[in-house]
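A closer look at the structure
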Amino acid sequence: MPVGPCRREAVQNAFLPPDNYCTCGVDAKGPCCAVFPQHQGMRRAALGCFAAAALAPAKRDWRCAFDAAFAGDFDNYAQVAAERARGVAAADRAGHEHVHCCLRPLRAAEAAPLAGAAARVVLACYYLDGAPENVFRLRCYAFDDERRMALLRPPRAALAAAHAACADLPARGAAACAAALAATGRWEPLGGCDVAWRPVDGGFDGAMADPGGCVVLSQRDGTTRVRVKDALALRDDVLEVDDRGYALDGTLLYGSPDGGPYRLARVQGTRDQGGDP
């Protein structure tokens, strides 16, 4: 199969950095190109399968483009630095925390102990302040064929072990983390929290099925009920996450109260892009 630089113009809605490479051939569904994101150091793992617009239905095109885009590293250092320059800080409940997000697709065998069978599973690790060991959220995102995303989290009893297993996901890689995570057992689905993705001009939007959000038990104490509301947007160079948690009386527990979504820019490095803001 020929390998060469990806041709953006050949693929509808293909949002790829210029240093990606493609290998083109035929899979079970027809002609396609598999994308290898060189800057992520995952040369052997094809993160997406792009069907050229002339060769496959448009519906499949967007799903393949989404699969390739929903992977990599995202960091809101620039957003936080700009807020600090204006005198706005997260500690004042007016700004955003410094968040880094690692999205790593898992092979079926790696994902099965955690999420069971799914069309696609992505391991998501979120950490604070440019420190990969400072994990504050760990999820498996399990996608069906229509790219509806179910959320799963580690069992509360194994939460510390799961965070430790992915304490440096960027450096260790998904395979090593997944092997350690298998010992934590089957992860807990967050019922009612599914996110449906759809293509829009310039990228993809993700929305919860219920605009009122979903109610989950806090893993911090195992008893507090939290209403979660999420809205997401994935573009060529940014992942926007408007993630907020509320007490059942409407009190905001986490998330930016009025500063808009967390704007995590796609980055090629695995840590923040400039140190402590």
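Reading the values: the criteria
- Residues numbered from 1 in each chain as written.
- Predicted model: local features only at pLDDT ≥ 70, side-chain atom pairs only at ≥ 80, totals over all residues.
- Heavy atoms only, no water.
- Core = buried A, V, L, I, M, F, W, Y, C linked by side-chain atoms within 4.5 Å.
- Buried < 20%, exposed > 50% of the residue type's maximum accessible area, 1.4 Å probe, protein only.
- Contact = heavy atoms within 4.5 Å.
- Helix = DSSP H or I, 4+ residues; strand = E, 2+ residues; numbered from the N terminus.
- Arc of directions from axis to C-beta.
- Polar contact = N/O pair within 3.5 Å; in protein donor to acceptor, adjacent residues only side chain to side chain.
- Pairing = 2+ DSSP bridges.

1. Let's talk about the nonpolar core
- Of all hydrophobic cores here, the largest spans 32 residues; its most connected members are Phe70, Tyr141, Trp197 and Leu234.
- Ignoring sequence-local partners within four residues, the contact set of Leu234 consists of Phe66, Ala69, Phe70, Phe74, Trp197, Gly202, Gly203, Phe204, Leu239 and Arg266.
- If you look at the next biggest cluster of nonpolar residues, it comprises 23 residues, including Leu123, Ala162, Cys166 and Ala174.

2. As for helix H2 (residues 77–85)
- Burial in H2 covers these residues: Tyr77, Gln79, Val80 and Glu83. Angular distribution of buried residues about the axis of H2 spans 165°; they occupy a single face of the element. Every exposed residue of H2 that faces more than 90 degrees away from the buried side is listed here: Ala78 and Ala85.
- The inward-facing, buried residues of H2 abut strand S5 (72–75) and strand S17 (262–267).

3. A look at the side chain of Arg104
- As for its placement among the helices and strands, Arg104 is situated in strand S6 (residues 99–106).
- Among the polar contacts made by the side chain of Arg104, one reaches the main-chain carbonyl oxygen of Gly72 at a distance of 3.1 Å.

4. Points about the pairing of strand S14 (residues 225–235)
- When strand S12 (residues 203–208) meets S14, the two strands line up antiparallel, connected through five bridges. Looking at S14, one finds that Phe204 is bridged to Leu234.
- Alignment of S14 against strand S15 (residues 238–247), held across nine bridges, turns out to be antiparallel. Across the sheet, Asp230 pairs through a bridge with Asp243, a residue of S15.
- What sits between S14 and S15 in their antiparallel hairpin is a turn of two residues.

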